Amino acid sequence: MSKKNDKNPPSVIGPPSSSFVPYGKQSIDQSDIDAVIDVLQSDFLTCGPAVEQFERALADYCAACHAVAVSNGTAALHVAMLAAGIGPGDRVLTSANTFLASANCAEFVGATADFADIDPETLCVSLETLKAAWKDDVKAVVAVDFAGYPCVTKEMADWIHEQGAIVIEDACHAIGGSLDDQKVGGFPWVDMTIFSFHPVKTMTTGEGGAIMTNDQALADCCRLFRNHGMVRKTEDGARKADPVAELSSVLGHPPSAPWLYAMTELGFNYRITDIQCALGMSQLKKLDRFVTRRQEVVDQYNDAFGHLSSVLCPPSVVPPGTPAWHLYVLQIDFDAIGKTRTGMMAELRERGVGTQVHYIPVHLQPYYREKHGYAPGKCPAAEACYQRCLSLPLYPAMTDDDVRCVVDAVMKTADV
Ligand SMILES: Cc1ncc(COP(=O)(O)O)c(C=O)c1O
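### Quick word on the overall build of the chain
- Secondary structure summary: the chain contains 15 helices and 14 strands in total.
- Compactness check: the chain gives a C-alpha radius of gyration of 22 Å against a globular reference of 22 Å for 416 residues, within 12% of the reference.
- Principal-axis analysis of the C-alpha atoms gives the chain an extent of 80 × 55 × 40 Å.
- In the chain, which comprises 416 residues, the share counted as buried stands at 49%.
- Residue pairs at least 24 apart in sequence account for 72% of intrachain contacts in the chain once pairs closer than 6 positions are excluded.

Right under this line is the structure:
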């Protein structure tokens, strides 16, 4: 099935009309188009200089030592699991309130995905919910910055490390945010941070993702797994000593033979193209502007819905640091307004407003119920949040009129 921006069945979200305000949308301008055209007219469409340039620009933006750009956020999570050496017998704890990929990456490598509940205020895992879900075999935590809230504090990371596990921050929603004056992606207390550049995210490369890390060995491993586990030179960061020299002796060549490569791990083709990276570099220049405009829209929504918080609850949490809001999630008391969520979404759609549901608690998906016996009640806060949540449109190109149109449509539909 083709991947839709809204990742929702077409029965709920169909093709938008021209006056339609979708729930999310990329912002592409002429400078993005020019950047892509430049690469299209260059010698390299992939494996060229734009990839490293984008990685350097991302690392500089986040003040991280390394960025490894890959084909999408799911690939970034998979590569991070491989680089961390997670595998069969290991448990990976993630949030119940996330997109499938945050959990699936554990299963890709033969580990067990398990779920911690969310804090009902932040809608993210907290130290308390992680402690409550902890088991001795947890070897990694994939902590999800839901909606853009930067949830991985130093205190949380220190505790996870004390248990002998690695900290992976799924910041697919959170690029551009910061905590304690550190940009998301550069936190020294996090082992690896994951970004997605899908078009609904705060900046886009079409499809794309990245692993950010301050650890040279992890960055080297990510590069290895991104490209078939192939090493061309020993310095490429192979885990095994001198694999090219070793292979060259098996083949009877001098190790300096220019075509030589050695495969030391079972890797993948998770490469990103130069075309995508050119778009990424151009978008990165506008990221702070995108974040600011998203915040302005959020402020307008909060003003509009704040006084109705018995039935339409706007996000009440004040994040530490500066968030980069990716989603605006209302918690709605559907019984109080006498509507079903499906009915409300359909009515809003008729009024020209697209909405979405973030997220179906992942532990309730058939795969996870059948494979690991997870059942309703495992993560009550995430399950309660799911019953009430509705994401409103949020993207930088929204005009103040668009925001007013959404507010008006929500008020009329909810009849408040
Ligand atoms: C929290 C989270 N993690 C991971 C992903 C996967 O990213 P991608 O779609 O780029 O594979 C997404 C994308 O929707 C996401 O929202």
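### Focus: the site of the ligand
- Taken together, 14 residues lie around the ligand, and Asn-72, Gly-73, Thr-74, Cys-172 and Ser-196 are the ones closest in.
- Of all the secondary structure elements, the ones that give two or more residues to the shell around the ligand are α3 (73-83) and α4 (101-108).
- Tallied by class, the residues present in the shell around the ligand amount to 4 nonpolar, 9 polar and 1 charged.

### What to know about the sheet that holds strand β3 (residues 112-116)
- Pairing is mixed across the open sheet formed by 7 strands, whose spatial order is β1-β9-β8-β5-β4-β2-β3. Here the strands that pair on one side only, and so sit at the sheet edges, are β1 (66-70) and β3. Between one strand and the next, the sheet's axes are offset by a mean angle of 20°, whatever the strand orientation.
- The pairing of β1 with strand β9 (residues 209-213) spans 5 bridges and is classified as antiparallel. Note that in β9 the partner of His-66 across the bridge is Thr-213.
- Each of β2 (91-95), β3, β4 (138-144) and β5 (166-170) is contacted by α4, which is oriented at about 150° to β3, the strand it contacts most.

### Here we look at the domain arrangement of the chain
- One can read the domain layout of the chain as domain 1 (30-228 + 268-284), domain 2 (230-263) and domain 3 (287-414).
- Averaged C-alpha coordinates put domain 1 and domain 3 at centres separated by 24 Å.
- Across the contact, 32 residues belong to domain 1 and 29 residues belong to domain 3.
- Among the elements of the structure, β3, β6 (178-179) and α9 (274-284) are those that each provide at least two residues to the side of domain 1 that touches domain 3.
- The element contributing the most residues to the side of domain 1 that touches domain 3 is β3, with 3 residues.
- Along the lines of polarity and charge, the residues of the side of domain 1 that touches domain 3 split into 17 nonpolar, 11 polar and 4 charged.

### Structural notes on the packing of helix α2 (residues 49-62) against α9
- The N-to-C vectors of α2 and α9 enclose an angle of 30°; their axes lie 8 Å apart at closest approach. Of the possible angle classes, the one that applies to α2 and α9 is roughly parallel. Where α2 crosses over α9, the two elements pack in a sense that is left-handed. Judged by residue contacts, Ala-50, Val-51, Gln-53, Phe-54, Ala-57, Leu-58 and Tyr-61 of α2 engage Asp-274, Cys-277, Ala-278, Gly-280, Met-281 and Leu-284 from α9.

### Comments concerning unusual backbone geometry
- Residue Tyr-359 is reached from His-358 by a cis peptide bond, and omega for that bond is 0°.
- Note that Tyr-359 resides in the loop between α12 (341-350) and α13 (366-372).
- Backbone geometry at Cys-47 places phi at a positive 55°, although glycine is not the residue there.
- The residue Cys-47 is located in the loop between α1 (30-40) and α2 in this model.
- On the basis of neighbour counts, which here come to 12 C-beta atoms within 10 Å, the residue Cys-47 falls in the exposed class.
- For Ala-63, which is not a glycine, the phi torsion comes out positive at approximately 55°.
- Considering the arrangement of structural elements, one finds Ala-63 in the loop between α2 and β1.
- Given 16 C-beta atoms within 10 Å, Ala-63 falls into the partly exposed group.

### Some thoughts on the sheet that holds strand β13 (residues 328-332)
- Read from one edge of the open sheet, 3 strands run β12-β13-β14, paired in antiparallel fashion. If you trace the sheet from one side to the other, it starts and ends with β12 (312-313) and β14 (389-392), each paired once.
- Where β12 and β13 come together, 2 bridges link them in antiparallel fashion. Along β13, the bridge assignment pairs Leu-312 with Ile-332.

Rules and cut-offs
Residues numbered from 1 in each chain as written. Predicted model: local features only at pLDDT ≥ 70, side-chain atom pairs only at ≥ 80, totals over all residues. Helix = DSSP H or I, 4+ residues; strand = E, 2+ residues; numbered from the N terminus. Rg over C-alpha atoms; globule rule 2.2 N^0.38 Å. Buried ≥ 20, exposed ≤ 12 C-beta atoms within 10 Å, placed from the backbone. Contact = placed C-beta atoms within 7 Å. Near = placed C-beta within 6 Å. Nonpolar A, V, L, I, M, F, W, Y, C, P; charged D, E, K, R; others polar. Pairing = 2+ DSSP bridges. Axes fitted to C-alpha atoms, helices over the stretch in contact; angles between N-to-C directions. Domains from an automatic or database assignment. Parallel < 35°, antiparallel > 145°, perpendicular 65-115°, else oblique. Left-handed = near helix turned anticlockwise from the far one by under 90°.

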